[in-house]
Amino acid sequence: MVHLHNSATGQIEELKPIEAGTVSMYVCGPTVYDVPHIGHGRFVLVFDILRRYLEHRGLSVVHVSNITDVDDKILARAASEGREPLEVSRQFEDLWWETLRSLNVLRPTHTPHATAYISKMLSFIGELVEADAAYLAGDGVYFEVSKVSDYGLLAHQSLDSLRAGARVEANPNKRSQLDFALWKLTPDDRWAWDSSFGRGRPGWHTECVVMSEDLLGKTFDIHGGGADLMFPHHENERAQARALGHRFAHLWVHNGFVAVNDVKMSKSLHNYVTLPDLVGSSDPRAYRLLVLQAHYRSPLEVNVALIADAARALGRIDSALERYWATPAAGGLVLGEPTVMEAFHGAMDDDLDTPAAVSLLFQTVTRMNSAMDRNDEVASALGAAVAAITSALGLQNEKRDVAIPAAVADLFRKREAARAGRDFALSDALRKNLEELGWIIEDGREGGVLRYRGR
RNA sequence: GGCGGCGUGGCCGAGUGGUUUAGGCAAGGGCCUGCAAAGCCCUGUACAGCGGUUCAAUUCCGCUCGCCGCCUCCA
């Protein structure tokens with residue numbers, strides 16, 4: 001059974017799907033106003049890994065991840081570039097999905113947009129006002145935090161201590177400085193919606209409650225996101241749902257940050273790296289492996305050199321898999337070696353212990369290679385285990401169906417002939433030519449094997 | 001100020017009261033190979049410092065030093 005750390009309780013708890021066999025999962029998505037950064041990459045990979053694993057275990061997953069397309073930052077960018085807000089959000093949303101595709105991240109089942117949920121948000125806010133959990137004051141509608149008895153559950157702080165530490169942001173309209181805006185009145189703005197409260201825009205904590213409940217119900221299994229969303233965003237989402245008596249999310253799952261030189265990555269510190277740059281710098285799977293090598297709740301150091309290391313490690317898995325696929329057994333139905341698969345499940349069930357799973361993967365690669373070297377028949381079961389684990393983690397070696405160019409084939413044939421004639425000088429020279437073209441020859445008993453390694 | 005976390009071998013990164021103390025990358029040695037590549041084998045005696053508890057601590061407790069995060073938009 002899958003167990004996950006629940007931020008609400010601080011405990012590792014069993015995932016018990018509300019609807020047997022189906023896991024409902026909501027993961028807070030991006031605000032599309034800029035190029036995705038490597039921090040986005042981590043959360044997207046973590047939850048993709050979780051999803052893939054659940055599916056690997058035979059569960060079906062309804063995965064919802066939103067696109068925030070109405071936000072002050074989008075507006076600001078549109079204004080400074082003299083463009084329409086929708087044009088800006090469209091541009092970065094397209095880039096978002098394109099980047100995720102390159103990371104081999106499965107597309108969520110549903111990808112709701114905030115702009116499509118304005119009227120539902122308004123009626124939700126109406127319910128909150130009716131329930132006396134929200135109030136209309138000067139410049140907007142605010143949620144009254146003190147109406148939720150366990151406010152601070154996710155922050156792991158009491159209302160008093162939160163209030164004590166809260167920076168004073170002198171908004172006299174709020175009854176408490178912790179109260180947050182559900183609807184901001186912006187009567188003069190073009191980018192606004194009319195409502196019974198007045199013309200305005202939604203606050204950013206409401207869309208996720210409304211969209212998650214709309215698509216997954218008033219209670220669902222997992223709510224996830226980056227650790228910095230825990231408070232206030234998730235706290236506030238939860239507060240709204242609780243104020244209406246909804247059970248809301250059962251398990252709150254949060255991933256750790258990406259750090260650069262031990263410091264959380266952020267634009268203001270100029271340690272910002274874009275995701276497309278990072279993914280493009282190496283094998284697109286390298287970041288996934290890097291993420292897998294650390295526990296999802298730990299901070300993770302990420303830089304181009306580490307990505308390159310991970311890419312080299314990937315090579316080990318790839319060549320093992322190539323070796324396995326080349327065996328006759330691989331064509332048939334070979335089950336993964338049972339003790340390995342059991343160990344894999346044991347690790348992953350334990351709060352997604354991917355470091356242990358990856359460790360096991362590499363150990364299995366070594367065992368498979370050894371077994372093949374000595375013609376041990378256990379090799380195919382081990383190879384099948386490597387293949388199964390690799391694909392459950394989303395690290396599968398996309399079989400590069402790279403057609404062999406005629407020129408390459410020609411060089412290869414010449415090299416084989418030279419080698420057969422023991423003209424090693426010519427043979428090595430030809431091999432070098434091929435390497436420059438991105439092709440590597442591995443000599444074996446039955447002659448050389450041509451392999452594309454890219455450049 | 002409140003809350004939480006961290007300091008592991010060249011780097012990344014798991015983990016554990018004692019026993020064979022992950023894994024990857026890098027490094028060194030070896031086997032194999034015409035040479036390579038791939039693969040296999042071997043090597044590194046790491047746990048911030050100081051006390052304490054214990055038969056035994058890197059692992060538990062305390063303190064010190066250093067560092068990080070949340071409390072504000074943020075994955």
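On a predicted model such as this, the values are computed, not experimentally measured, just so you know. (Residues numbered from 1 in each chain as written. Chains lettered and ligands numbered in written order. Predicted model: local features only at pLDDT ≥ 70, side-chain atom pairs only at ≥ 80, totals over all residues. Heavy atoms only, no water.)

(A) Structural context of the pattern of salt bridges. A full pass over the atoms with the stated rule returns 32 salt bridges. Between Arg77 and Glu81 there is a salt bridge, with the nearest N and O atoms lying 3.0 Å from each other. Here Arg77 pairs with Glu81, and both are found in helix H2 (residues 72-81), just four residues apart, close to one helical turn. Since its relative accessible area comes to 24%, Arg77 is described here as partly exposed. What makes Glu81 partly exposed here is its relative accessible area of 36%. Here Arg83 ties to Glu87 by a salt bridge, and the two come within 3.3 Å at their closest N and O atoms. Among the charged side chains, a network of salt bridges with common partners joins Arg415, Glu416, Arg419, Asp428, Arg431 and Asp443. (Salt bridge = Lys/Arg side-chain N within 4 Å of Asp/Glu carboxyl O. Helix = DSSP H or I, 4+ residues; strand = E, 2+ residues; numbered from the N terminus. Buried < 20%, exposed > 50% of the residue type's maximum accessible area, 1.4 Å probe, protein only.)

(B) The protein's contact with RNA strand B, seen in detail. Surrounding RNA strand B, one finds 57 residues, the nearest of these being Lys73, Gln157, Trp204, Gly226 and Arg431. In this structure, a phosphate oxygen belonging to RNA strand B sits 3.1 Å away from a main-chain N or O atom of His295. Here a phosphate oxygen of RNA strand B sits 3.4 Å away from a polar atom, N or O, in the side chain of Arg316. The element that contributes the greatest number of residues to the surface near RNA strand B is helix H12 (residues 354-373), accounting for eight residues. (Near = heavy atom within 4 Å. Polar contact = N/O pair within 3.5 Å; in protein donor to acceptor, adjacent residues only side chain to side chain.)

(C) Quick peek at the packing of helix H1 (residues 38-56) against helix H11 (residues 338-349). For the pair H1 and H11, the least separation of the axes is 12 Å and the interaxial angle reads 135 degrees. Here H1 lies oblique to H11, going by the angle between them. Remark: the crossing between H1 and H11 carries left-handed chirality. Here H1 contributes Ile49, Tyr53 and His56 to the contact with H11, which in turn contributes Met341, Phe344, His345, Met348 and Asp349. Considered class by class, the residues forming the contact of H1 with H11 number five nonpolar, two polar and one charged. (Axes fitted to C-alpha atoms, helices over the stretch in contact; angles between N-to-C directions. Parallel < 35°, antiparallel > 145°, perpendicular 65-115°, else oblique. Left-handed = near helix turned anticlockwise from the far one by under 90°. Contact = heavy atoms within 4.5 Å. Nonpolar A, V, L, I, M, F, W, Y, C, P; charged D, E, K, R; others polar.)

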